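The chain contents come next:
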Amino acid sequence: MQHALLVVNPKSRDGHADELDDAIALFRSAGVEVDVCVTESPSDMVSCIENYDKENGVIIVAGGDGTISAALEPAHKYNQTLAILPMGTANDLARSLGVPQDVVQAARVIANDKRERINLAKVNSHYFVNVAHIGLGVEVTHELTSDMKKYLGVFAYLGAFIRVIKRNKSFRVTITADGDEERLRAIHLAVGNGRFYGGGNIVDEDSTLLDGQLNLFCLKPQRWWQLLLLGFNLRNGNLRVAERVVCKKVKKMSVNTSKPKQIHADGEHKTDTPAEFEVIPKAIEVIVGDMPNSTKSKE
C-alpha cells in the first residue's frame, strides 16, 4: 500500500483528533501517502470514494458503523479496498475484522496491509455489513441519543434495551427461505451478515464475515423478564438452544409483516418491509487484523 484516501466523519472526529493525527503520522512514516477528505454528508463520502482513482490505493474510513455503511456501495461498485479507523460507539465491523478499538493500534493493523474478501448483505437493494433489525432492535436505535452514546459508550445499548423490552409489541411476520414458509408472531427479527452487533453482541456463535451465509434469529412474544433471561444467549450468540426463538442460516430470504415495519441496519434506517435479503460472498476487499473465528472452529 503506497497511497490511501482517509475519509473522516467530522462528528466521529470529536474526541479523537489527536489520535487521528497520530494515525496519519504513522501511515506516512510507513511510506503511505495519505489524502484526507472530511465529509459533511453521506453524499460527500460517496463523491470522495467515486473520485478516488489511485491504483492499488486504499479507502480508510474514520468513523462508526453508520459512516462505514454509507461507504459500502461505492466501494463495492468501484472495487475499492476498505480499511477502518474505529471512531464510533459500537464499532462492530472493526470487531468482526479483528481491528483494535484503539485508533492508533488500528492504524498499525492497516499499515500491515493484510487483506481479505468479506461478505456483504443486501436488503431491498441497500447494502449492509453487520446486522439488519425489525422490531425491538429498531426501538433500541430510536431510544439511543448522541449524548447517551457519548457518555455511556456501549452501555447505552444495554440501557436502551432494558427500557424498550417493557413496552415491546408483537407483529405478524412471514419468513420465506430455501423454499420453506413460516408464519409467526414476533417481537424482534434480526438478519446478520457479520459476527458482531450492538457493541459486541454475537449474531451467532458460528457466524463470520467469510461464511457466505446470513444468520437469522427471530424472538417470539415473551414477557420482559424472560427477555432479560435471554441476555446471556443474546450476548454470546447461542440462541439456537433457547426457547421461543427461531434461528435460520440462509443465502436468500424474504420477510413480510402484517403492516410495514422499519428495517434498520448498521445503526441506520435502510428500508421497510416487505423485504428481500441476500448475501454476496467475497464481495469486498478489506484490511483485517486477527479475525475472530466461529466457536466451532475453536473446538
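Thresholds applied
- Residues numbered from 1 in each chain as written.
- Predicted model: local features only at pLDDT ≥ 70, side-chain atom pairs only at ≥ 80, totals over all residues.
- Heavy atoms only, no water.
- Salt bridge = Lys/Arg side-chain N within 4 Å of Asp/Glu carboxyl O.
- Helix = DSSP H or I, 4+ residues; strand = E, 2+ residues; numbered from the N terminus.
- Buried < 20%, exposed > 50% of the residue type's maximum accessible area, 1.4 Å probe, protein only.
- Pairing = 2+ DSSP bridges.
- Axes fitted to C-alpha atoms, helices over the stretch in contact; angles between N-to-C directions.
- Parallel < 35°, antiparallel > 145°, perpendicular 65-115°, else oblique.
- Left-handed = near helix turned anticlockwise from the far one by under 90°.
- Contact = heavy atoms within 4.5 Å.
- Nonpolar A, V, L, I, M, F, W, Y, C, P; charged D, E, K, R; others polar.

(A) Quick peek at the pattern of salt bridges. Summed over all chains, the structure comprises 9 salt bridges. For Glu 205, the salt bridge is made with Arg 240, and the minimal N-O distance between the two is 3.5 Å. Residue Glu 205 is found in the loop between strand 12 (201–202) and strand 13 (214–219), and its partner Arg 240 is found in the loop between helix 11 (231–236) and strand 14 (245–250); the two are separated by 35 residues along the sequence. By relative accessible area, Glu 205 is classed as partly exposed at 25%. The class for Arg 240 is partly exposed, based on a relative accessible area of 40%. A cluster of three or more residues bridged by salt bridges with shared partners is formed by Asp 204, Glu 205, Asp 206, Arg 240 and Lys 249.

(B) Here's a closer look at the pairing of strand 9 (residues 180–186). Relative to strand 9, strand 8 (residues 171–177) is paired through 7 bridges, and the arrangement is antiparallel. What sits directly across from Val 173, in strand 9, is Leu 184. Once strand 8 ends, the chain turns through 2 residues before running back antiparallel as strand 9, passing Asp 178 with a positive phi of about 55°.

(C) Quick peek at the packing of helix 3 (residues 42–50) against helix 4 (residues 65–77). It is at 9 Å that the axes of helix 3 and helix 4 come closest, and there the two elements cross at 40°. Put simply, helix 3 runs oblique to helix 4. Where helix 3 crosses over helix 4, the two elements pack in a sense that is right-handed. Where helix 3 abuts helix 4, its residues Pro 42, Met 45, Val 46 and Ile 49 lie against Thr 67, Ala 70, Ala 71, Pro 74 and Ala 75. Here the residues of the contact of helix 3 with helix 4 are counted per class, giving 8 nonpolar, 1 polar and no charged.

(D) Fine view of the environment of Ala 25. Its place among the elements puts Ala 25 in helix 2 (residues 17–29). A residue is classified by how much of its surface remains accessible, and Ala 25, at 45% relative accessible area, is partly exposed. Along the backbone, Ala 25 and Ala 107 are 82 residues apart, and their C-alpha atoms lie at a distance of 9.7 Å.

That is the geometry; function is a separate question.
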